[in-house]
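Architecture at a glance
The chain contents come next:
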Amino acid sequence: MIRSFFLLFICLLSFNADAGPRYSDPDGCLSCHVYEGLNFIDENGVFRSATIDSEHYASSLHGSVPCKDCHREVIDYPHKVENTEVDCGASCHIEEPSEGVKYSHDVIHEEMDKSVHADGWYKGLTGGNRLEEVETEQDPSCRRCHSNTAYIAEAQLEKFKEAFDHAETECGNCHQGKAWMGQFGGHILRRFVGRRWNNIENNQLCIQCHGDIEAMRDVTQEDKETHEKHPPSERFVQSSASYTKTLHGRLIDANSDFGASCIDCHAPEGWKHEIRAYTDEKSASHPDNLGESCGQSNCHGYTKKPGNEGFTMTDMHSLSLLGLHSMEKPLEDADLWQSNWFRGALPLMLAGIALAIGSLAWWILYRTDKKIIAKFGGDRFERVMIGRKPKKARAKAATAKKTRVPKKVEATTVVDAAPEATAKADTPIAEAKTTPTTPSVEKSAESTAVVDTEKEATETVVKKPASISESAETPKKSDDSES
Amino acid sequence: MYYRLFIIGLLSAMSYHVMAEGLYLQEINNTVLTEQQINESKEKILEHKDVEVREKLNVAPFHQRGQLNASLEYSTCTGCHLSPPHTKSERTRTFMNMHTQFIACETCHFRPKDKQLNYQWEDVRDGMPVKAKSKLFRQAANAEEKPQERVKALHSFYKVTPFYQANAVVLRKSDEFAQETARLWKAGTDDEKAIRRASIHVPLEEKGPECSACHDKDEQFLDVTALGANNYQADKIYNNIIAQFFARYKDEDSRIRIMRILK
């Protein structure tokens, strides 16, 4: 009985020791830094602020980390600048609960150290040397990409709250007490609600530097073997611009889950910081490793199989991609004329425009006309099959007729242009030939048509639609014929 | 009846603006400068180097930080001085700049010995006095009951300002004198600038009062109770730990170990 009581006491004691409430300001730093408006402009003209938003800090990624875990040497006031320096690789007093190992970002720093960004600052960071870093260091420091953002991203807050409510009933059944829930429950659940950043935000970190073309031109690169320094290639300078033209970049811009981010291809493993040059054999983007990299997560799984290596030869940063333009708003694209695609398509576009205009004009002017258009070979067909004279001979004969005075004959019958009659008149009357009207005929003829008396003097003249009367083989009708 | 009242109101409003030439501007106009003052002023002008203010850098601050105080833009002083203005003293600059949120420049730097000024809240946007009340203080009036409201946001544009004969003594950017000074600074000669600079600065005290002037109950440079503070707020102001900590400094360059003091 005594032993059980003793064990229970020890358990309670250890629970309290591990999961007690944490205070982010055990050293009283916020006594001063909590004041709003602790601003000044330093000797370099940089606007500085010593204010710490206590509410934001408490709900931030480092909310449970006391100030002195990072700013370790601060012992006096005014603070010596060197005493405020932060080393992101140092271990802090947050402990991993199962084994009590102190937490540290050093594993990430070790990865960074192998990457092309190895020279980025990870220690000696102060508020006062940001300008120096900007002006002297081309590689990114920890803080260039990371800041002390909220522990739960705003976009995930509702999802987290929902999960946390659930945890209070499920987890809280055993893990009673707000301290445990606050310290561990929240931490575990945060991981469950998903990634903090989406691919667009991930890419933005890279693009904020690599998208600055002028800044990239100023980058100095070093040959791995000879250590010779040289300016970057144009392919490197334009890497962000070319990427955005690829399907990977465009899918991510469209907020699709299928797009591959910069990190997905350049640092797919580990802590996602080991970005190596593509010439490095250990690089995920080295040609020998592309099969594995492209095939990760079943993105392009077939690239892992022999015979499919050709797929990986597609250059995702080819300069030729820069010529591709978004055609969503082509007229707003200032560089459109630089695009071979646009210049190549221009003749087709002009022809299309001409065709469209011509079609519209035809539709407006001639849509009611029904013309018999002489097809290729039509003349020969008529000569061979029905023994008609050749076109030239007919034209000659017509000219000869014009020289004679036509004999006016009134039609014996005038049929009103009723629909039925019109329907009849639609049938071609191959042999019916009307003579060309002369001015005198046009004036005198009322409800009559002038016909060639040599052949069709007795034939009924039927009011015909204009399409027939104006056909190639049919002379013009009087303007009054439809009255 | 209403017609008369309207006329009286209109004349009152006009007289306020017509006669609103503050004491500070009167002092500027009445000051007779010595040769030494003008020479020192010219020396300062020639020594001056413009500072290019870099508010945003590619490397952002790691912590979420404070914002620039918009009310400072209404002060004539920030037309030449930086905003926030205090830069020299490593120990006090941030705290003095913090006070610029609710204390006008002239409150600390215009302290004529032969004139009795009284201090009131003023809306810097229009120069109108604001009625004293406890809500204007950063320290919440009922913090004991609501600890979460211990610290609250300030009203950005209300500041404690010296008044003389019902007129605020401050020099506003909209004043003709300030605008003329701005024009002179663009087109004037160094000698003209030196005279203008001296006439502006001679009525002022370069160094403001010590913290204890307000944060010590026995000194009371500002009567915080008259400014609207209740007993709780007044007690917090008089017993401010930072003011007490700063009282330990014997000279500007000394450093004091802070551990255990601020806990």
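Anything mentioned here points back to the structure above.
Residues numbered from 1 in each chain as written. Chains lettered and ligands numbered in written order. Predicted model: local features only at pLDDT ≥ 70, side-chain atom pairs only at ≥ 80, totals over all residues.

A tally of regular secondary structure across chain B gives ten helices and five strands. In chain B, which comprises 263 residues, the share counted as buried stands at 25%. By sequence separation, contacts in chain B at least 24 residues apart represent 70% of the contacts at least 6 residues apart. (Helix = DSSP H or I, 4+ residues; strand = E, 2+ residues; numbered from the N terminus. Buried ≥ 20, exposed ≤ 12 C-beta atoms within 10 Å, placed from the backbone. Contact = placed C-beta atoms within 7 Å.)

Residues and elements named next belong to chain B. Here six bridges tie strand 1 (residues 118–123) to strand 3 (residues 158–164), and the two strands are oriented antiparallel to one another. Across the sheet, D123 pairs through a bridge with Y158, a residue of strand 3. Summarising the sheet, strand 1 and strand 2 (residues 128–130) pair through three bridges and their orientation is antiparallel. Within strand 2, the position partnered with E122 by the bridge is P129. Connecting the antiparallel pair strand 1 and strand 2 is a turn made up of four residues, with G127 showing a positive phi of about 75°. (Pairing = 2+ DSSP bridges.)

Time to look at the interface of chain B and chain A. At the junction of the two partners, chain B supplies 40 residues and chain A supplies 36 residues. Elements supplying a minimum of two residues to the side of chain B that touches chain A: helix 4 (93–99), helix 10 (241–246) and strand 5 (256–257) of chain B. When residues in the side of chain B that touches chain A are grouped by element, the largest group, four residues, is from helix 4 of chain B. Grouping the constituent residues of the side of chain B that touches chain A by class yields 20 nonpolar, ten polar and ten charged. Taken together, the two bridges between strand 3 (residues 76–77) of chain A and strand 5 of chain B define a ladder with antiparallel strand orientation. By the bridge assignment, D76 of chain A is partnered in strand 5 of chain B with R257 of chain B. (Nonpolar A, V, L, I, M, F, W, Y, C, P; charged D, E, K, R; others polar.)

As a further point, take the packing of helix 8 (residues 157–170) of chain A against helix 9 (residues 178–192) of chain A. Residue and element names in this part refer to chain A. One way to put it is that helix 8 packs onto helix 9 with a least axis distance of 10 Å and a crossing angle of 130°. By the angle between their directions, the pair helix 8 and helix 9 is classed as oblique. As helix 8 packs across helix 9, the resulting crossing turns out to be right-handed. When helix 8 is examined against helix 9, the residues F160, A163, F164, A167 and E168 are found in contact with a partner set consisting of M181, G185, G186, L189, R190 and F192. Residue classes in the contact of helix 8 with helix 9 are distributed as seven nonpolar, two polar and two charged. (Axes fitted to C-alpha atoms, helices over the stretch in contact; angles between N-to-C directions. Parallel < 35°, antiparallel > 145°, perpendicular 65-115°, else oblique. Left-handed = near helix turned anticlockwise from the far one by under 90°.)

All names here are of chain B. Along the chain, Q67 falls in the loop between helix 3 (35–47) and helix 4. Since 12 C-beta atoms lie within 10 Å of it, Q67 is described here as exposed. Counting along the chain gives 137 residues from Q67 to L204, while the straight-line C-alpha distance between them is 28 Å.

What follows covers the nonpolar core. Residue and element names in this part refer to chain B. One finds Y24, V160, V169, V170, V224, L227 and A229 to be the most contacted residues of the largest nonpolar core, which totals 23 residues. Contributing elements (two or more residues each) for this core: helix 2 (23–30), helix 5 (105–109) and helix 9 (231–238). For this core, the element with the highest residue contribution is helix 2, accounting for three residues. With residues up to four places along the chain from it excluded, the contact list for V160 reads F102, I103, A104, T107, Y119, W121, L222 and L227. (Core = buried A, V, L, I, M, F, W, Y, C linked by C-beta atoms within 7 Å.)

On to the sheet that holds strand 2 of chain B. Remark on secondary structure: sheet strands pair via backbone hydrogen bonds, oriented parallel or antiparallel. Strands sit in the order 2-1-3-4 (chain B) across an open sheet of four strands; the sheet is antiparallel. Single-partner strands in this sheet number two, and they are strand 2 and strand 4 (167–168) of chain B.

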